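# Structure assessment
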Amino acid sequence: MPEERDPTSPAAQPDVSLSDADSELIQRAQGGDSRAFEELYRTHVDRVYGLCLRMSADRERAEQLTQDTFVRCWEKLGTFRGESRFSSWLYRMAVNVVLNDQRARKRRNLRLESTGDLGGYGRAAPQGARDETIDVERALAGLPEAARTVLVLYGIEGYKYREIAEMTGLAEGTVKAQIHRARKLLEAALHKTGDGND
């Protein structure tokens, strides 16, 4: 293998290099080729949707967030420099779209919620998952939004504590504590679901 590149440059690192197929499609899409972008969309839409669904726990919202992510991707594609994998760049964008949506929803809810009506806090897990099999997705969806977000980012998407802290604006110690709390809540929800089989 020829060593034409500086081995310390980000482009020379094997764990962050682009696949030849993505690289070509990205270059064409950056030049305005909508068919190339459509192919990138088809390649990555399922994983982006899965991430949005796990973080939002709402199919309709996840569909909208997925579309918002790809609209933003199209708008920002010119800023992608290939210093990381395209998929990492795109999934980080999806996380940011979901987090921004959650913040906006929280602000709207705070404006609408009266201080006398605190019944919405500590949402219970959805009913109906009382089969013999444990429904992890449903238990995950029943977690409070903050707990679900950090658990999905860490446990499913594989982000590190530092990365989650940067994305959410929380201290790294707070992220660790929330992940621990989320695991306990998920364990309790799964245990409760398992005990509901009468």
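Look above for the structure.
The present account deals with the structure reproduced in this document. Predicted, not measured: the structure shown is a model, and the values here were computed from it.

### Observations concerning the packing of aromatic side chains
Applying the stated criterion across every chain, the model contains 7 aromatic pairs. Each ring, one from Phe-37 and one from Phe-70, has its centre 6.4 Å from the other, and the planes form 75°; the classification is edge-to-face. Of this pair, Phe-37 sits in helix 2 (residues 34–56) while Phe-70 sits in helix 3 (residues 59–76); the two residues are 33 residues apart in sequence, bridging distant segments of the chain. Judged on exposure class, the residue Phe-37 and its partner Phe-70 are both buried.

### Details of the environment of Lys-176
Relative to the assigned elements, Lys-176 resides in helix 8 (residues 172–195). We classify Lys-176 as partly exposed; its relative accessible area is 40%. Residues Lys-176 and Val-150 lie 26 residues apart in sequence; the distance between their C-alpha atoms is 8.8 Å.

### Some thoughts on the pattern of salt bridges
Inspection of the entire model under this criterion finds 11 salt bridges. We note a salt bridge from Glu-157 to Arg-47, for which the minimum N-O separation is 2.8 Å. In this pair, Glu-157 is assigned in the loop between helix 6 (145–156) and helix 7 (161–168) and Arg-47 in helix 2, connecting sequence segments 110 residues apart. A salt bridge links Arg-105 to Asp-101, with the nearest nitrogen and oxygen atoms 3.1 Å apart. With Arg-105 and Asp-101 both in helix 4 (residues 86–112), this residue pair falls 4 residues apart, about one helical turn. The class for Arg-105 is partly exposed, based on a relative accessible area of 30%. Among the residues examined, Asp-101 registers a relative accessible area of 19% and is labelled buried. Connected through shared salt-bridge partners, Arg-61, Asp-101, Arg-105 and Glu-145 make up one network.

### Focus: the nonpolar core
Met-55, Cys-73, Phe-86 and Val-95 are the most contacted members of the largest nonpolar core, which totals 45 residues. The set of elements that each furnish at least two residues to this core consists of helix 1 (20–30), helix 2, helix 3, helix 4, helix 5 (136–141), helix 6, helix 7 and helix 8. A per-element tally of this core places helix 4 first, with 10 residues. Those residues in contact with Cys-73, other than ones at most four positions away along the chain, are Phe-37, Phe-86, Trp-89, Leu-90 and Met-93.

### Looking at the environment of Gly-82
Position of Gly-82 relative to the elements: it lies in the loop between helix 3 and helix 4. Counting along the chain gives 56 residues from Gly-82 to Ile-26, while the straight-line C-alpha distance between them is 9.2 Å.

### A word on helix 2
An α-helical segment advances 3.6 residues per turn. Residues three or four places apart therefore align on the same side. Taking 1.5 Å per residue, 23 residues should reach 33 Å; helix 2 reaches only 29 Å between its end C-alpha atoms and comes up short. By the largest-angle criterion, His-44 marks the main kink of helix 2, which is about 50°. Three or more residues of helix 2 are buried, namely Ala-36, Phe-37, Leu-40, His-44, Val-45, Val-48, Gly-50, Leu-51, Cys-52, Met-55 and Ser-56. The N-capping residue of helix 2, defined by a side-chain oxygen 2.9 Å from the backbone nitrogen of Arg-35, is Asp-33. Looking one or two places after helix 2, you find Ala-57, whose phi comes out positive at around 60°.

### Examining helix 7
Among all positions in helix 7, only Glu-163, Ile-164, Ala-165, Met-167 and Thr-168 are buried. Of the residues flanking the end of helix 7, it is Gly-169, one or two places downstream, whose phi is positive at about 80°.

### Quick look at the packing of helix 2 against helix 3
Between helix 2 and helix 3, the shortest axis-to-axis distance is 8 Å and the interhelical angle comes to 140°. Considering the angle they form, helix 2 stands oblique to helix 3. Handedness of the helix 2/helix 3 crossing: right-handed. Counted together, Ser-34, Phe-37, Tyr-41, His-44, Val-45, Val-48, Tyr-49, Cys-52, Leu-53 and Ser-56 of helix 2 and Arg-59, Arg-61, Ala-62, Glu-63, Leu-65, Thr-66, Gln-67, Thr-69, Phe-70, Cys-73 and Trp-74 of helix 3 form the full contact between these two elements. A per-class count over the contact of helix 2 with helix 3 returns 12 nonpolar, 6 polar and 3 charged.

Conventions and cut-offs
- Residues numbered from 1 in each chain as written.
- Predicted model: local features only at pLDDT ≥ 70, side-chain atom pairs only at ≥ 80, totals over all residues.
- Heavy atoms only, no water.
- Phe/Tyr/Trp six-rings, centres within 6.5 Å; stacked < 30°, edge-to-face > 60°.
- Helix = DSSP H or I, 4+ residues; strand = E, 2+ residues; numbered from the N terminus.
- Buried < 20%, exposed > 50% of the residue type's maximum accessible area, 1.4 Å probe, protein only.
- Salt bridge = Lys/Arg side-chain N within 4 Å of Asp/Glu carboxyl O.
- Core = buried A, V, L, I, M, F, W, Y, C linked by side-chain atoms within 4.5 Å.
- Contact = heavy atoms within 4.5 Å.
- Expected span 1.5 Å × (residues − 1).
- Bend = angle between axes of the 7 residues up to and from the residue.
- Polar contact = N/O pair within 3.5 Å; in protein donor to acceptor, adjacent residues only side chain to side chain.
- Axes fitted to C-alpha atoms, helices over the stretch in contact; angles between N-to-C directions.
- Parallel < 35°, antiparallel > 145°, perpendicular 65-115°, else oblique.
- Left-handed = near helix turned anticlockwise from the far one by under 90°.
- Nonpolar A, V, L, I, M, F, W, Y, C, P; charged D, E, K, R; others polar.

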